[in-house]
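# Inside the fold
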Amino acid sequence: GETFLELHGDRTVKDDKAMIGGLGKIGDQSYMFIGQQKGYNTKTRQFRNFGMANPEGYRKALRLMKSAEKFDIPVVCLIDTPGAYPGIEAGQGEAIARNILEMTRLKVPIIVMIIGEGASGGALGIGVGDKVLMLENTWYSVISPESCSSILWRSWEYKELAASALKLTATDMKKLKLIDEIVREPSGGAHSDRYKMFEIAKQKISTHFNELKNLSPKELVASRMEKYANMGVYND
């Protein structure tokens, strides 16, 4: 049976509705699932703040990851956000930086899957993993093309130009060795057959966990650190 037990709140401020997390199972294996939820109509989009988390969302995610570590449960992060909530009073930088630091040294396997948009620090706040997978039609980048266009050209008109310069597609990301695997979607895209997509995702998560579960915490952290340290290093 499919079970999911949602866990709420960051124990400090409140429960962020853009960031969801809890315990679930795939087969007999428990995982701590953490993901961004965008909503699917006007009402739920407002309720979920379009998947844009506040600092308490990242703190909730971190609290759940530390719980998972305590009970030796692997972590799965599902990323789908246009970014973190960008208000100046939000203080996102510290919360996201803290998560990146803590995730690099978490002593349990972390599997990350980009399932829609993966923009900026909003994605990175739950994006550090031993294995990072991308569905084939998703994107992952330092900034959304729209925001990039409005910063560089003071208008949204150049978003296509920005998008091609950002190299944000799954193929680009794989080529640059920033992700580990591109996950095929059912024909017509993941949304056209969500149950088939769930099956594919479940199988991928299990496969990657089986590769990681035999590593000691020390090996796990060392190889994760090395993976990130090697990004963006080139020899001509």
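Just above, that's the structure.
What counts, and at which threshold
Residues numbered from 1 in each chain as written. Predicted model: local features only at pLDDT ≥ 70, side-chain atom pairs only at ≥ 80, totals over all residues. Heavy atoms only, no water. Helix = DSSP H or I, 4+ residues; strand = E, 2+ residues; numbered from the N terminus. Buried < 20%, exposed > 50% of the residue type's maximum accessible area, 1.4 Å probe, protein only. Contact = heavy atoms within 4.5 Å. Areas by Shrake-Rupley, 256 points an atom, 1.4 Å probe, with all protein chains shown as cover. Pairing = 2+ DSSP bridges. Phe/Tyr/Trp six-rings, centres within 6.5 Å; stacked < 30°, edge-to-face > 60°. Axes fitted to C-alpha atoms, helices over the stretch in contact; angles between N-to-C directions. Parallel < 35°, antiparallel > 145°, perpendicular 65-115°, else oblique. Salt bridge = Lys/Arg side-chain N within 4 Å of Asp/Glu carboxyl O. Lys, Arg positive; Asp, Glu negative; His and termini not counted. Patch = residues over 30% accessible without salt bridge, like charges linked within 9 Å, V, L, I, M, F, W, Y side chains within 5 Å. Core = buried A, V, L, I, M, F, W, Y, C linked by side-chain atoms within 4.5 Å.

## With respect to the overall build of the chain
Along its length, the chain carries nine helices and eight strands. Overall, the chain is about 50 × 45 × 35 Å in size when its C-alpha atoms are taken along their principal axes. Residue burial in the chain is summarised as follows: out of 236 residues, 48% are buried. Sequence-distant contacts in the chain: of pairs separated by 6 or more residues, those separated by 24 or more amount to 65%. Accessible surface computed for the chain: about 12800 Å², of which carbon and sulfur atoms make up 55%.

## Describing the pairing of strand β2 (residues 19-26)
Here β2 lies mainly inside the structure; six of its eight residues are buried. Of the strand pairs in this sheet, strand β1 (residues 4-6) and β2 are connected by three bridges, and their pairing is antiparallel. Bridging from a neighbouring strand, Leu5 pairs with Leu23 of β2. Judged from the eight bridges that link them, β2 and strand β3 (residues 29-36) form a sheet pairing that is antiparallel.

## Points about the packing of aromatic side chains
Counted by the stated rule, this structure contains four aromatic pairs. Taken together, a centroid distance of 5.8 Å and an interplanar angle of 45° make the contact between Tyr31 and Phe33 tilted. With respect to burial, Tyr31 and Phe33 carry one shared label: buried. Grouped by ring-pair contacts, the aromatic residues Tyr31, Phe33 and Phe209 constitute a single cluster.

## Section: the environment of Gly232
The residue Gly232 is located in the segment after α9 (217-229) in this model. Judged by relative accessible area, which is 56%, Gly232 ranks as exposed. Separated by 106 residues in the primary sequence, Gly232 and Ile126 place their C-alpha atoms 20 Å from one another.

## What to know about the packing of helix α5 (residues 145-153) against helix α6 (residues 159-166)
Direction vectors running N to C along α5 and α6 enclose 110°, while the axes themselves pass 8 Å from each other. Taken together, the axes of α5 and α6 lie roughly perpendicular to each other. Contacts between α5 and α6 pair Pro145, Glu146, Cys148, Ser149 and Trp153 from the former with Lys159, Leu161, Ala162, Ala163 and Leu166 from the latter.

## A short note on the pattern of salt bridges
Summed over all chains, the structure comprises 17 salt bridges. Residue Lys17 is joined to Asp15 by a salt bridge in which the shortest nitrogen-to-oxygen separation is 3.1 Å. Overall, Asp15 belongs to the buried group, its relative accessible area being 19%. Taken together, the salt bridges that share partners define one network made up of Arg59, Lys66, Glu69, Glu94, Arg98, Glu102 and Arg105.

## Things to note about the side chain of Arg63
In this fold, Arg63 is placed in helix α2 (residues 55-70). Buried and without a salt bridge, Arg63 has Asp10 as its closest oppositely charged side chain, separated by 6.7 Å. When near neighbours in sequence (up to four residues on either side) are disregarded, Arg63 contacts His8, Gly9, Asp10 and Arg11.

## Overview of a nonpolar patch on the surface
Side chains of Ile151, Leu152, Trp153, Tyr158 and Leu161 sit close together on the surface and give an oily, nonpolar patch of about 510 Å² of accessible area. Tallying contributions element by element places α5 first for the nonpolar patch, with three residues. Mapped onto the elements of the fold, Tyr158 is located in the loop between α5 and α6.

## So, the nonpolar core
Residues Ile34, Met65, Val75, Ile126 and Tyr140 are the most contacted members of the largest nonpolar core, which totals 32 residues. Contributions of two or more residues to this core are made by β3, α2, β4 (75-81), α3 (92-104), β5 (110-119), β6 (131-135) and α7 (170-175). For this core, the element with the highest residue contribution is α2, accounting for five residues. Excluding anything up to four places from it in sequence, Met65 contacts Ile34, Val75, Asn99, Met103, Leu106 and Ile126. Counting 17 residues, the second-largest nonpolar core is a separate cluster that includes Ile26, Val76, Ala190 and Leu220.

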